[in-house]
Amino acid sequence: MDVHYVLLTVSGPDRPGIVAAIAEALLAARCNLEDSSMTQLRGEFAILLIVRLGDGGVAALEAHIGPAARDLGLAYALHPLAAGEVGRPAAAGRTPCLITVFGADHPGIVAPVARFLADLAVNITDLSTEVVGSAAKPVYAMVIEARSPVPVEELETGLARVARDLACDVSVKEIEEYPL
Amino acid sequence: MAILPILTYPDPRLKRLAAPVADFGPALAALLADLAETMAAGPGGVGIAAPQVDRSLCICLVDCSKARKACANHGLLELINPEIVEWSGMAVGREGCMSIPDFTANVVRATEVVCQYQDRDGKAQVVHAEGFEARALQHELDHLAGTLFIDRVVSKKRDVFPRKRSR
Ligand SMILES: [Zn+2]
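Residues numbered from 1 in each chain as written. Chains lettered and ligands numbered in written order. Predicted model: local features only at pLDDT ≥ 70, side-chain atom pairs only at ≥ 80, totals over all residues. Heavy atoms only, no water.

### A few points about the overall build of chain B
How we decide: To qualify as a helix, a DSSP run of H or I must reach at least 4 residues; to qualify as a strand, a run of E must reach at least 2; elements of each kind are numbered from the N terminus. We compute the radius of gyration over the C-alpha atoms and compare it with the globule rule, which gives 2.2 Å times the number of residues raised to the power 0.38. Throughout, exposure labels follow a simple rule: accessible area from a 1.4 Å probe, protein chains only, divided by the maximum for the residue type, with under 20% read as buried, over 50% as exposed, and the rest as partly exposed. The contact rule is simple, with two residues in contact once any of their heavy atoms fall within 4.5 Å. Under the convention used here, a 1.4 Å probe and the Shrake-Rupley method define accessible areas, while residue burial counts only the protein chains that appear. Counted as positive: Lys and Arg. Counted as negative: Asp and Glu, with His and the chain ends omitted from the count. Lysine's charge is taken at NZ, arginine's at CZ, aspartate's at CG and glutamate's at CD.
In terms of helices and strands, chain B carries two helices and eight strands. Listed by position from the N terminus, the elements making up chain B come as α-β-β-β-β-β-β-β-α-β. Computed over C-alpha atoms, the radius of gyration of chain B comes to 15 Å, within 12% of the 15 Å expected from 2.2 N^0.38 for 167 residues, which places it in the range of a compact globule. For chain B, the spread of C-alpha atoms along the principal axes amounts to about 50 × 35 × 25 Å. When each of the 167 residues of chain B is scored for burial, the buried share is 49%. In chain B, of all internal contacts separated by at least 6 residues, the share reaching a separation of at least 24 is 66%. Carbon and sulfur atoms form 55% of the exposed surface of chain B, whose accessible area is close to 8,200 Å². Of the side-chain charges in chain B, 20 are positive and 20 negative, and the distance between the mean point of each set is 10 Å.

### What to know about the packing of helix H3 (residues 110–119) of chain A against helix H4 (residues 152–166) of chain A
Residues and elements named next belong to chain A. Put simply, the rule reads: Note on method: axes are straight lines fitted to C-alpha atoms, helices fitted across the in-contact stretch only, with angles between N-to-C directions ranging 0 to 180 degrees. Here the word oblique covers every angle except those under 35 degrees (roughly parallel), over 145 (roughly antiparallel) and from 65 to 115 (roughly perpendicular). For a crossing to be left-handed, the near helix must be turned anticlockwise from the far one by less than a right angle; the clockwise case is right-handed.
One can describe the packing of H3 onto H4 by two numbers: an axis separation of 10 Å at closest approach and a directional angle of 155°. With respect to their mutual orientation, H3 and H4 come out roughly antiparallel. Crossing angle aside, the handedness with which H3 passes H4 is right-handed. Each of Pro112, Val113, Phe116 and Leu117 in H3 lies in contact with H4, whose residues at this interface are Leu155, Gly158, Leu159, Val162 and Leu166.

### Things to note about the side chain of Thr111(B)
Within the fold, Thr111(B) resides in the loop between strand E5 (100–109) and strand E6 (112–118). The exposure class of Thr111(B) is buried, given its relative accessible area of 18%.

### Some thoughts on the interface of chain B and chain A
Condition: Each of two parts loses accessible area, computed with a 1.4 Å probe, when they are put together; buried area is these two losses added. Pairs of N or O atoms are called polar contacts if they sit within 3.5 Å, as long as, within protein, a hydrogen donor faces a hydrogen acceptor (for residues adjacent in sequence, only side-chain-to-side-chain pairs). In this classification, Asp, Glu, Lys and Arg are treated as charged, Ala, Val, Leu, Ile, Met, Phe, Trp, Tyr, Cys and Pro as nonpolar, and every other residue, Gly included, as polar. A pair of strands counts as paired when DSSP detects no fewer than two bridges linking them.
Listed per partner, the contact involves 23 residues of chain B and 14 residues of chain A. Each partner contributes to the roughly 1,700 Å² buried at the junction of chain B and chain A, and carbon and sulfur atoms together form 50% of this total. Counting every contact that joins chain B to chain A gives seven residue pairs in polar contact (both at pLDDT 80 or more). Put simply, the parts of the chain that give the side of chain B that touches chain A at least two residues each are strand E4 (91–97) and helix H2 (132–144) of chain B. Here the residues of the side of chain B that touches chain A are counted per class, giving seven nonpolar, six polar and 10 charged. Here strand E9 (residues 177–179) of chain A pairs with E4(B) via three bridges, running parallel. Within E4(B), the residue paired with Tyr178(A) across the bridge is Glu95(B).

### Comments concerning the pattern of salt bridges
All names here are of chain B. Selection criterion: For this analysis, a salt bridge means a side-chain nitrogen from Lys or Arg found within 4 Å of a carboxyl oxygen belonging to Asp or Glu.
With the rule as written, the count across this model stands at 15 salt bridges over all chains. One salt bridge connects Arg13 with Asp11, and the closest N-O pair in it is separated by 2.7 Å. One salt bridge connects Glu95 with Arg109, and the closest N-O pair in it is separated by 2.8 Å. In this pair, Glu95 is assigned in strand E4 and Arg109 in strand E5, connecting sequence segments 14 residues apart. With respect to class, Glu95 is no different from Arg109; both count as buried. Overlapping salt bridges bring together Glu95, Arg109, Arg135, Asp142 and Arg152 as one network.

### Some points on the sheet that holds strand E3 (residues 44–52) of chain A
Sheet strands line up and pair through hydrogen bonds in the backbone, either parallel or antiparallel. Residues and elements named next belong to chain A. The four strands are arranged E2-E3-E1-E4 in an open sheet whose pairing can be described as antiparallel. At either end of the open sheet lies a strand with only one pairing partner, and these are strand E2 (32–41) and strand E4 (75–81). Adjacent strand axes in the sheet meet at a mean angle of 15°, parallel and antiparallel pairs treated alike. Pairing of strand E1 (residues 5–13) with E4 involves seven bridges; the strand directions are antiparallel. Paired with Val10 across the two strands is Tyr76, which belongs to E4. This element, helix H2 (residues 57–72), spans E1, E3 and E4 of the sheet and lies at about 165° to E4.

### Re the sheet that holds strand E8 (residues 153–155) of chain B
Judged by pairing direction, the sheet is mixed, and its four strands sit side by side in the order E9(A)-E4(B)-E5(B)-E8(B) without closing on themselves. Since the sheet does not close on itself, it has two edges, and those belong to E9 of chain A together with E8 of chain B, each with one partner. With strand direction ignored, the average angle separating the axes of adjacent strands in the sheet is 50°. Against the sheet, H2(B) makes contact with E9 of chain A together with E4 and E5 of chain B, and its axis sits at roughly 55° relative to E4(B), the strand it touches most.

### Re the domain arrangement of chain A
Basically, it comes down to this: Here the limits of each domain have been adopted from an automatic or database domain assignment.
Each assigned domain of chain A is listed with its residue range as follows: domain 1 (5–85) and domain 2 (95–174). Relative placement of domain 1 of chain A and domain 2 of chain A: their C-alpha centres are 31 Å apart.

### Observations concerning the confidence of the model for chain B
All names here are of chain B. The line we're drawing: How sure the predictor is of each residue is captured by pLDDT, a score from 0 to 100.
Overall, the predicted model of chain B reaches an average pLDDT of 92, with 93% of residues at or above 70. Under a pLDDT of 50 for its full length, residues 160–167 has, in the predicted model, 13 contacts with residues more than four places off or in other chains. Interface confidence for the predicted complex, expressed as ipTM, amounts to 0.76; the pTM equals 0.85.

### Some thoughts on the pairing of strand E2 (residues 59–63) of chain B
All names here are of chain B. Counting buried positions over the five residues of E2 gives five, a clear majority of the element. Here E2 shows two buried faces, one formed by Ile59, Leu61 and Asp63 and the other by Cys60 and Val62. Where strand E1 (residues 47–49) meets E2, three bridges bridge the pair, whose relative direction is antiparallel. For Ile48, the partnering residue across the bridge sits in E2 and is Leu61. Taken together, the five bridges between E2 and strand E3 (residues 76–88) define a ladder with antiparallel strand orientation. Pairing of Val62 across the sheet is with Leu77, part of E3.

Written out as structure tokens, the structure is:
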């Protein structure tokens, strides 16, 4: 199998210059940074990206990423992708929606919400959570973007039930997209 | 009538300032017909601006009766030399554009606008639009000034700002 794309993950203690160093390493390896998501989680910085390999293939990528990661104390991993894995999944027939869950922080908020969505075949496309508020009164905040095969009202009713059990506030709204 | 090819980003012609229309003759009627046909063939089908088909003129079409979701609208609006003279309210919405295929992002727009324009006969008109129609007007008028929605992106994804309810 010819590998043309890899999923590269990089993470480690946050500091300015991580993105620059990784992007420079990719450039030097003649790789293309395609879709990516990079974010700061507390004191860590995490990078997920799809890289299109250059002529040097995985070897060239590793030769450049390795030293860059070492210099910054970052861990990285490479996962080769088959050609069929890099397309965009079809979104037809699915409603894009935004789900937010807020509540007093306690264990077991994500699991029941995610299970409820999974059982309806709702596809989570983006999820982030954060513990906010004071140390004495921590608040859990979760924001989910998803594509739902069921109507938003049905999600709303079901999630309201889940949220009641969790003593959380939940909101679901359709993300209206305006093709112009 | 003809479906005209759509210029796509990064074509520099999308960034030109469009010229005002002075001639309200048969050539304008023909262009309006082509624009309508091209708009209808697009993925959204609710808006198009002449610069998108390489006619650098202050003309755009908006037809929110064709929106996927029903909304307040004035049917087909043929806006020649349009100008927005009043804005109010603010809302975030995720826009796409025929000239930037496959990309959507959140853009802040006024929720209500008043737009002065000329119709195909050159007669002065005014339209008061709100909601999606107001957004479509602002998006299409931007094209006349060489502005694309990517110049106005507030965030790629998440939209947690509460939407302002329309009264
Ligand atoms: Zn556009």
